[in-house]
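Spelled out, the chains give:
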Amino acid sequence: MSDVYDVIVIGAGPAGYPAAIRAAQNKLKVACVDEWQNTDGTYAFGGTCLNAGCIPSKALLESSELFQRAKDEFAVHGIKVGSLALDLGAMQKRRASVVKTMTNGINTLFKANGVVGIQGHGRLLPGNKVVVKGADGEKTLEAKNVILASGSVPVRLRSVPHDGKYIVDSWNALEFDAVPKRLGVIGAGVIGLELGSVWRRLGSEVVVLEALEQFLPMVDQTIAKEAQRHFKKQGLDIKLGAKVSSAAVSGKAVDVLYTDGQGDHSLQVEKLIVAVGRRPYTQELLAEGTGVELDERGFIKVDEHCKTNAPNVWAVGDVVRGPMLAHKGKEEGVMVADLIAGNYGEVNYKVIPSVIYTAPEIAWVGQTEEQVKASARPYKVGTFPFAASGRARAMEAAAGMAKIVSAKDDDEVLGIHVIGPMAGELISEAVLAMEYSASTEDIQRTIHAHPTLSEAIHEAALNVDKKAIDGLNR
Ligand code: FAD
Ligand code: AMP
């Protein structure tokens, strides 16, 4: 006899666990299966995000930023600290404890909501059966609906063989037990820049090798240029147009070969982080005959409601098309759980915010100026520099700007872009405005508390129509 559920979710990352919780809140009988094992062999819910992504990286970003501020900024505030020392062991212990608290929280949430959490590998069989292989052997479960939320894994380069010690991925790079003297990073994407920043602040000499000539092509280029300037000032050596051809461990170092416009080069680093993107993970997930199809890049094919080609099989998160972001997966998971219960559900893919957690932070929603220009829709732009923000000055964090791109015809807000302090928090206002189809005038007429960083968005909106009060109307 197999156990029968209304919903089985495979994967308990930020796409899978919210799907399971919402489905249970919708009075459905739910099981959530996850195989994640930490380096010590213990199982943990939470997926990449909680165990090896969003959360541990933000814990280290915070710690490393505090260290750097104590070193470089406290004196400006009139705070004298004697000699400053780094205790990386304690910093890493805190990172691990933040992760543990959050992953344990999912166990609690599962219990509180009546989700049956099962640790082991799940494989979909035809007829909506799921075979789970765990520590105590195999068992077959059955469900009216199955949600696939198996996530993604780092892309590896064949010519840069991963060994987990010297040539590492983002997970290994969050767990270094010493600050590398010289650190190489392949890929100037979000993950490469965040990890490069952490270790730079803690004292590494960091070289980032990026194959593309353009820096952060997905980011509004006014913002990307500003970011590049700040990262250079912080000592991140970002080499654009530098394609890594191979790397090999030699003794206790890594020899890296790369090619740029000037020819071939070699570089020796103590550790090399490969951060060249992530790919959907579907290993041993689908048995023959399930009817679930993959696209040419390995993503599970779904429609706008995350339905796969197989009846009552859904897929959400990094394993399907769209940006590989935790909050995108979460909203897809919740939508599917609501649709299964017969409720309304949708995801507005046009207003998914993106954040790069460097210092200054970079955050945006909607279209870049380059995208609007390419669409041929007449547009207007407003900006406001944090240098003119009283709050940013008071915080000693006056780098960066807010920028709004709006339509000339009907004043629709098309994109909001921020580089600066707490940009990731500030962008929520922009997301809400765009979700409710706000016009630029709506933001102009909205009262923003003074003195707050959010005034930068207000002033950028005013600047769109050259009405800024605290900024120069150019
Ligand atoms: P995952 O989180 O990958 O979870 C999938 C889960 O399914 C895993 O636990 C896996 O073990 C399990 N699984 C897979 N196959 C099976 C199977 N057959 N049986 C059982 N279990 C299975 N995103 C953000 O939005 N903000 C950030 O700040 C951010 N920072 C990041 C930093 C780093 C260093 C990295 C690597 C990623 C970061 N991301 C961030 C991306 C984010 O982690 C992913 O978008 C998110 O985790 C995707 O969620 P998911 O649930 O689809 O997949
Ligand atoms: P992302 O997908 O945002 O994580 O970014 C990964 C980055 O790695 C992209 O900007 C790629 O151009 C870059 N990249 C991929 N392969 C190489 C390589 N061999 N050498 C240098 N950069 C690379």
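Attention in this report is confined to the structure presented alongside it.

Rules used throughout
- Residues numbered from 1 in each chain as written.
- Chains lettered and ligands numbered in written order.
- Predicted model: local features only at pLDDT ≥ 70, side-chain atom pairs only at ≥ 80, totals over all residues.
- Heavy atoms only, no water.
- Phe/Tyr/Trp six-rings, centres within 6.5 Å; stacked < 30°, edge-to-face > 60°.
- Helix = DSSP H or I, 4+ residues; strand = E, 2+ residues; numbered from the N terminus.
- Buried < 20%, exposed > 50% of the residue type's maximum accessible area, 1.4 Å probe, protein only.
- Lys NZ or Arg CZ within 6 Å of the ring centre and 35° of its normal.
- Disulfide = S-S within 2.5 Å.
- Near = heavy atom within 4 Å.
- Polar contact = N/O pair within 3.5 Å; in protein donor to acceptor, adjacent residues only side chain to side chain.
- Areas by Shrake-Rupley, 256 points an atom, 1.4 Å probe, with all protein chains shown as cover.
- Nonpolar A, V, L, I, M, F, W, Y, C, P; charged D, E, K, R; others polar.
- Pairing = 2+ DSSP bridges.
- Contact = heavy atoms within 4.5 Å.
- Axes fitted to C-alpha atoms, helices over the stretch in contact; angles between N-to-C directions.
- Core = buried A, V, L, I, M, F, W, Y, C linked by side-chain atoms within 4.5 Å.
- Patch = residues over 30% accessible without salt bridge, like charges linked within 9 Å, V, L, I, M, F, W, Y side chains within 5 Å.
- Salt bridge = Lys/Arg side-chain N within 4 Å of Asp/Glu carboxyl O.

What follows is about the packing of aromatic side chains. Applying the stated rule across the entire model yields 4 aromatic pairs. With a centroid separation of 4.9 Å and an interplanar angle of 45°, the aromatic rings of tryptophan 36 and tryptophan 171 are classed as tilted. In this pair, tryptophan 36 sits in the loop between strand 2 (30–34) and helix 2 (47–52) while tryptophan 171 sits in helix 5 (residues 170–173), placing the two residues 135 residues apart along the sequence. When the ring of phenylalanine 176 is compared with that of tryptophan 199, the centres are 5.2 Å apart and the planes differ by 50°; the resulting orientation is tilted. With phenylalanine 176 in the loop between helix 5 and strand 9 (182–186) and tryptophan 199 in helix 6 (residues 190–201), this pair connects stretches of sequence that are 23 residues apart. Residue classification places phenylalanine 176 among the buried positions, given a relative accessible area of 5%. The positively charged end of lysine 29 is found above the aromatic ring belonging to tyrosine 5, 4.8 Å away from the centroid. Between lysine 271 and the ring centre of tyrosine 166, over which it is positioned, the NZ or CZ distance is 5.4 Å.

The next point concerns the state of the cysteines. For the structure shown, the criterion picks out 1 disulfide. Note that cysteine 49 is cross-linked by a disulfide to cysteine 54, the S-S spacing being 2.4 Å. When the S-S torsion is -125°, as for the bridge of cysteine 49 with cysteine 54, the disulfide is left-handed. Of the residues examined, cysteine 49 reaches a relative accessible area of 10% and is grouped as buried. In this structure cysteine 306 is a free cysteine whose sulfur lies 16 Å from that of cysteine 32, the closest cysteine sulfur available.

In the vicinity of ligand 1 lie 36 residues, with Asp34, Thr48, Lys58, Gly122 and Ala326 positioned nearest. Between ligand 1 and the protein, one listed contact pairs an oxygen atom with a backbone N or O atom of methionine 324 at 3.3 Å. Between ligand 1 and leucine 325 there is a distance of 3.3 Å, counted from an oxygen atom to a backbone nitrogen or oxygen. Considering ligand 1 on its own, with 990 Å² of exposed area, one finds that the protein chains cover 95% of that surface. Secondary-structure elements contributing two or more residues to the shell around ligand 1 are strand 2, helix 2, helix 3 (54–72), strand 4 (121–125) and helix 8 (326–340). No other element matches the 4 residues that helix 2 contributes to the shell around ligand 1. Class assignment of the residues belonging to the shell around ligand 1 gives a composition of 16 nonpolar, 15 polar and 5 charged.

This part is about the sheet that holds strand 9. Pairing in this open sheet of 5 strands is parallel, and the strands run 8-15-9-10-11 from one edge to the other. Only two strands of the sheet have a single neighbouring strand rather than two, namely strand 8 (167–168) and strand 11 (237–240). When strand 10 (residues 205–210) meets strand 11, the two strands line up parallel, connected through 4 bridges. Looking at strand 11, one finds that glutamate 210 is bridged to leucine 240. In the packing of helix 6 onto the sheet, contacts are made with strand 9, strand 10, strand 11 and strand 15 (271–274), and the angle to strand 10 comes to roughly 165°.

Residue proline 360 is bonded to the preceding alanine 359 through a cis peptide linkage, with omega at 0°. Looking at the secondary structure, you find proline 360 in the loop between strand 18 (354–356) and strand 19 (361–366). A cis amide bond, omega -5°, links histidine 450 with the succeeding residue proline 451. Within the fold, proline 451 resides in the loop between helix 12 (440–444) and helix 13 (455–464).

So, about the site of ligand 2. Taken together, the neighbourhood of ligand 2 is formed by 15 residues, with Gly187, Glu210, Ala211, Ala242 and Val244 sitting nearest. Backbone polar atom of alanine 211 to a nitrogen atom of ligand 2: 3.1 Å apart, as the coordinates give it. At 3.0 Å from a nitrogen atom of ligand 2 is found a main-chain nitrogen or oxygen belonging to valine 244. Look at ligand 2: alone it shows 510 Å² of surface, and the protein chains cover 74% of it.

Right, let's get into the environment of glycine 415. Topologically, glycine 415 is positioned in strand 22 (residues 413–420). Residue class for glycine 415 comes out buried when judged on its relative accessible area of 0%. Sequence separation between glycine 415 and glycine 117 is 298 residues, and the spatial gap between their C-alpha atoms is 40 Å. Setting aside residues no more than four positions away along its own chain, glycine 415 makes contact with Val365, Gly366, Gln367, Lys403, Ile404, Val405 and Met434.

Right, let's talk about the pairing of strand 6 (residues 137–148) for a bit. Of the strand pairs in this sheet, strand 1 (residues 3–10) and strand 6 are connected by 7 bridges, and their pairing is parallel. What sits directly across from valine 4, in strand 6, is glutamate 142. In sequence, strand 5 (residues 129–134) turns back onto strand 6 through a hairpin of 2 residues. By the bridge criterion, 3 bridges tie strand 6 to strand 17 (residues 313–315) in an arrangement that is parallel. Residue pairing in the sheet places isoleucine 147 in a bridge with tryptophan 314 of strand 17.

This next bit is on the nonpolar core. When a protein is soluble and globular, its nonpolar side chains tend to lie buried together. Membership of the largest hydrophobic core comes to 35 residues, with the highest contact counts inside it found for Ile273 and Ile362. For this core, the secondary-structure elements that each account for two or more residues are helix 3, helix 4 (88–113), strand 9, helix 6, strand 10, helix 7 (221–233) and strand 19. Here isoleucine 362 is in contact with Leu216, Val219, Ile223, Ala227, Phe231, Ser354, Val355, Ile356, Val418, Ile419 and Ala423, once residues within four sequence places are set aside. Of all hydrophobic cores here, the second largest spans 29 residues; its members include Val7, Ala15, Tyr17 and Val115.

Together, Ile79, Val81 and Leu84 line one region of the surface with nonpolar side chains, adding up to about 220 Å² of accessible area. Checked against the element boundaries, isoleucine 79 lands in the loop between helix 3 and helix 4.

What follows deals with the side chain of serine 63. Locating serine 63 in the fold gives a position in helix 3. Residue classification places serine 63 among the buried residues on the basis of a relative accessible area of 11%. Once residues lying within four places of it in the same chain are set aside, the contact partners of serine 63 are Met91 and Arg94.

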